[in-house]
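As a plain string of letters, each chain reads:
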Amino acid sequence: MNVQPHLSPLFQPLAVGPVVLPNRIMLPAMTTRLAGATGEVSPGLLAYYEARARGGAGLVMVEMAEPMETAGARSHGLALWSDAHVAGLSRLAARLRAAGACAGLQIGIAPLRGADGGRQALADLTQGDLERVAAACAGAMRRAGAAGFDVVEIQASYGKLLHQFLSPLTNRRRDAYGGPLPNRLRLVLEVVRACRAAAAPGMALGIRISGDDLVPGGVTGDEAVELAGLAVAAGVDLVNVGMGSRQNQAMMAPTMEHAAGLFLPQIARIRAAVPVPVAGAGRIHRLDLAEAALAAGQLDIVAVGRQLIADPDWPNKLRAGRAETARPCISCNTCIETVRAGGRLSCLVNGFAGRETELNERSAAAPRKLLVIGAGPAGLEAARLAARRGHRVTLWERRRAAGGALRLAALAPRFQWARPRAEVLERFVRYLETAARAEGVAITYGQRATAARIAAFGADVTILATGARYRFGLGLVVPLLLRAGLLRRWPLRGLARSERLHDLFLYRLRRRDDRLARRLVALGCEIETLGDGAAPGKTQQAIAAATECATRL
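Quick summary incoming for the structure in this document. Keep in mind that this is a model prediction, so the values were computed, not measured. (Residues numbered from 1 in each chain as written. Predicted model: local features only at pLDDT ≥ 70, side-chain atom pairs only at ≥ 80, totals over all residues. Heavy atoms only, no water.)

**Here we look at the pattern of salt bridges**
Counted by the stated rule, this structure contains 30 salt bridges. In this structure, the salt-bridge partner of Asp300 is Arg271, at a minimum N-O distance of 2.6 Å. You can see Asp300 sitting in the loop between α9 (287-295) and β11 (301-303) and its partner Arg271 sitting in helix α8 (residues 264-273), a full 29 residues away along the chain. On the accessibility criterion, Asp300 (10% relative accessible area) is buried. Bridged by salt links that share partners, the residues Arg327, Glu361, Glu381, Arg384, Arg388 and Glu439 form one connected network. (Salt bridge = Lys/Arg side-chain N within 4 Å of Asp/Glu carboxyl O. Helix = DSSP H or I, 4+ residues; strand = E, 2+ residues; numbered from the N terminus. Buried < 20%, exposed > 50% of the residue type's maximum accessible area, 1.4 Å probe, protein only.)

**Topic: the nonpolar core**
The biggest cluster of nonpolar side chains holds 155 residues, and the ones touching the most others in it are Leu92, Phe149, Ile207, Val239 and Ile330. In terms of residue count, helix α3 (residues 127-147) provides more of this core than any other element does, ten residues in total. Once you skip the residues sitting within four places of it in the chain, Phe149 turns out to touch Val62, Leu89, Leu92, Ala93, Ala103, Gly104, Leu105, Ala144 and Met203. Among the nonpolar cores identified, the runner-up in size contains 16 residues, and Leu14, Val19, Ala29 and Ala303 belong to it. (Core = buried A, V, L, I, M, F, W, Y, C linked by side-chain atoms within 4.5 Å. Contact = heavy atoms within 4.5 Å.)

**Focus: helix α1 (residues 43-54)**
Three or four residues apart is the spacing at which side chains of an α-helix point the same way, because the helix has 3.6 residues per turn. Look at α1: 16 Å from first C-alpha to last across twelve residues, which is about the 16 Å you get at 1.5 Å a residue. Taking burial as the measure, the twelve residues of α1 include ten buried ones, the bulk of the element. When α1 is considered as a whole, its buried residues turn out to be Gly44, Leu45, Leu46, Ala47, Tyr48, Tyr49, Glu50, Ala51, Arg52 and Ala53. Tucked into the core, α1 has its buried residues touching β3 (25-27), β4 (59-66), β5 (78-79), α2 (86-98) and α10 (305-310). Count one or two residues on from α1 and you reach Gly56, which has phi positive near 110°. (Expected span 1.5 Å × (residues − 1).)

**Description of unusual backbone geometry**
Positive phi is not limited to glycine here, since Tyr158 has a value of about 55°. When you line up the elements, Tyr158 lands in the loop between β7 (151-155) and α4 (161-166). Despite not being glycine, Leu214 has its phi angle at roughly 55°, a positive value. With respect to the helices and strands, Leu214 occurs in the loop between β8 (204-210) and α7 (221-234).

**As for the packing of helix α13 (residues 377-388) against helix α21 (residues 539-552)**
Between α13 and α21, the least distance of the axes is 8 Å, while the angle of their chain directions is 25°. Overall, the two elements α13 and α21 adopt an arrangement that is roughly parallel. Where α13 crosses over α21, the handedness of that crossing is right-handed. Of the residues in α21, those touching α13 at Pro377, Ala378, Glu381, Ala382, Leu385 and Ala386 are Thr539, Ala542, Ile543, Ala546, Thr547, Ala550 and Thr551. The residue inventory of the contact of α13 with α21, partitioned by class, reads nine nonpolar, three polar and one charged. (Axes fitted to C-alpha atoms, helices over the stretch in contact; angles between N-to-C directions. Parallel < 35°, antiparallel > 145°, perpendicular 65-115°, else oblique. Left-handed = near helix turned anticlockwise from the far one by under 90°. Nonpolar A, V, L, I, M, F, W, Y, C, P; charged D, E, K, R; others polar.)

**Considering the sheet that holds strand β15 (residues 461-464)**
The parallel open sheet is built from five strands, whose spatial order is β14-β13-β12-β15-β18. Only two strands of the sheet have a single partner each, and these edge strands are β14 (442-445) and β18 (527-529). Ignoring strand direction, the axes of neighbouring strands in this sheet form an average angle of 15°. Pairing geometry for strand β12 (residues 369-373) and strand β13 (residues 392-397), over five bridges, is parallel. Among the inter-strand pairings, Lys369 is bridged to a residue of β13, identified as Arg392. Sheet contacts for α13: β12, β13 and β14; angle to β13, the most-contacted strand, approximately 165°. (Pairing = 2+ DSSP bridges.)

**Let's talk about the environment of Leu289**
Tracing the backbone through its elements, the reader meets Leu289 in helix α9. A sequence separation of 29 residues divides Leu289 from Ala260, and the C-alpha atoms of the two residues are 8.1 Å apart. Setting aside residues up to four positions removed in sequence, Leu289 forms contacts with Ala260, Gly261, Leu264, Arg283 and Ile284.

**Some details on the packing of aromatic side chains**
In total, this model carries three aromatic pairs according to the counting rule given. Summarising the aromatic geometry, the rings of Tyr48 and Tyr49 are spaced 4.9 Å apart at their centres and angled 80° between planes, so their arrangement reads as edge-to-face. Classification of Tyr48 as buried rests on a relative accessible area of 1%. Ring centres of Phe165 and Tyr177 lie 6.4 Å apart, and the angle between their planes is 80°; this geometry places the pair in the edge-to-face category. You can see Phe165 sitting in helix α4 and its partner Tyr177 sitting in the loop between α4 and α5 (181-184), a full twelve residues away along the chain. When sorted by exposure, Phe165 lands in the same class as Tyr177, which is buried. Of note, Lys369 hangs over the ring of Phe457, and the distance from its end group to the ring centre comes to 4.3 Å. (Phe/Tyr/Trp six-rings, centres within 6.5 Å; stacked < 30°, edge-to-face > 60°. Lys NZ or Arg CZ within 6 Å of the ring centre and 35° of its normal.)

Such coordinate-based values are descriptive only and should not be taken to indicate function.
Structure below.
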């Protein structure tokens with residue numbers, strides 16, 4: 001199904017309680033670590049969310065804000081336990097609404113910590129502690145209303161405190177808050193009622209739940225359906241369904257080896273059980289799939305976090321009938337894993353993500369003649385972006401097709417945090433090539449780039465994106481192993497998944513090939529070197545370097 005924008009269910013308004021969303025596309029709450037060191041709204045965080053609002057998302061749900069100062073510290077996470085946090089959040093909400101989106105904010109509590117800084121066990125939390133949890137959430141709800149947010153979402157999934165009470169794996173209490181499901185639901189429903197009572201007129205209240213923890217002993221699909229119904233009865237206007245848990249993190253954000261829309265059947269079960277709108281996630285990042293799910297009544301709102309990181313303008317491009325120009329998310333989970341490791345959000349396919357205040361696509365002050373050598377991801381992205389900024393760009397590739405080493409990576413046992421699928425990475429390469437041509441880049445395949453030819457071409461700057469080479473003649477052996485599929489079969493499969501061997505083949509056995517660069521420098525050519533040509537590394541670093549280079553020239 002793929003209909004005209006004015007008829008597409010994706011672009012129909014939707015009432016969520018007293019709030020009317022302009023369309024059915026939602027940026028779900030995802031940690032970015034872009035907030036200030038003390039939990040304040042930073043310029044970087046503001047710019048990141050404003051870009052997604054300008055790109056056309058109907059509901060922008062800002063990442064989790066912590067309502068309790070005593071909860072576990074989150075590095076560069078948002079805070080909302082004090083009135084001092086309201087001013088910054090007010091600026092954020094105003095910018096989102098001015099850009100045309102409804103402004104949402106998630107509130108959630110990390111596991112509580114005691115006076116000694118250690119994590120408190122659920123069994124040790126007193127009745128007074130639990131009352132303070134509900135009161136803190138109500139206070140955060142009031143502050144969010146004062147800041148001008150339209151929707152507040154309670155985080156009751158993914159291992160946060162409320163989810164720990166829901167799951168039998170973590171809740172071993174023997175009082176009114178533990179044991180059978182009604183007891184495990186008690187704190188969640190108390191928080192819902194407290195937030196509902198604290199909501200300003202015109203505000204909607206949502207809840208984020210796991211539709212199934214997908215782990216033995218966790219919250220089941222049947223329990224999630226019951227939770228959704230009781231939450232609605234307690235005052236919730238929107239149920240946002242994810243899947244997985246801390247005990248099964250791989251399914252919290254399924255990577256490219258999983259089918260698109262794999263969670264829709266369980267989301268649909270919850271949708272059929274409640275009288276309020278339901279949002280759902282899980283690789284619903286294709287227009288045809290999103291429209292079909294909406295038309296079939298499987299959900300009401302499509303939550304597309306990673307796709308909106310990859311391309312903030314995805315909604316506007318779909319609305320304009322230009323879906324093919326959208327930068328595709330490849331579900332490699334670079335965005336998630338860099339944050340889990342303590343870094344700020346970044347994206348393999350979009351070097352601007354998380355760096356909106358540092359990088360821009362403004363027109364170059366003085367357009368120049370550029371020559372890019374190599375049509376791998378870094379070369380194509382550098383060429384595309386430089387041409388977009390007004391430079392005259394030519395690209396030479398010695399092979400007969402684009403993609404470079406990424407085509408071999410598609411055959412490896414692992415790429416980033418995913419088992420790669422060739423068709424997903426091929427789609428990304430096609431996007432890069434098409435986007436570069438659309439910006440006016442002249443691409444020539446089968447062109448061997450010698451120092452003499454490059455010098456004769458007379459470029460103002462030559463960008464070398466030619467990759468690295470293997471030592472000891474392995475440049476012939478490794479491609480043969482990959483193309484034969486041997487690294488995905490026993491006994492090499494287990495070895496290939498080893499972190500040490502991965503590091504060995506990705507870094508240590510490869511070296512930069514700087515022979516061409518040295519010859520060009522000797523001839524007086526101005527050069528820039530990207531990716532593996534500068535130092536053996538990963539595709540993410542290569543594309544990031546390409547983005548920096550093209551915005552600097």
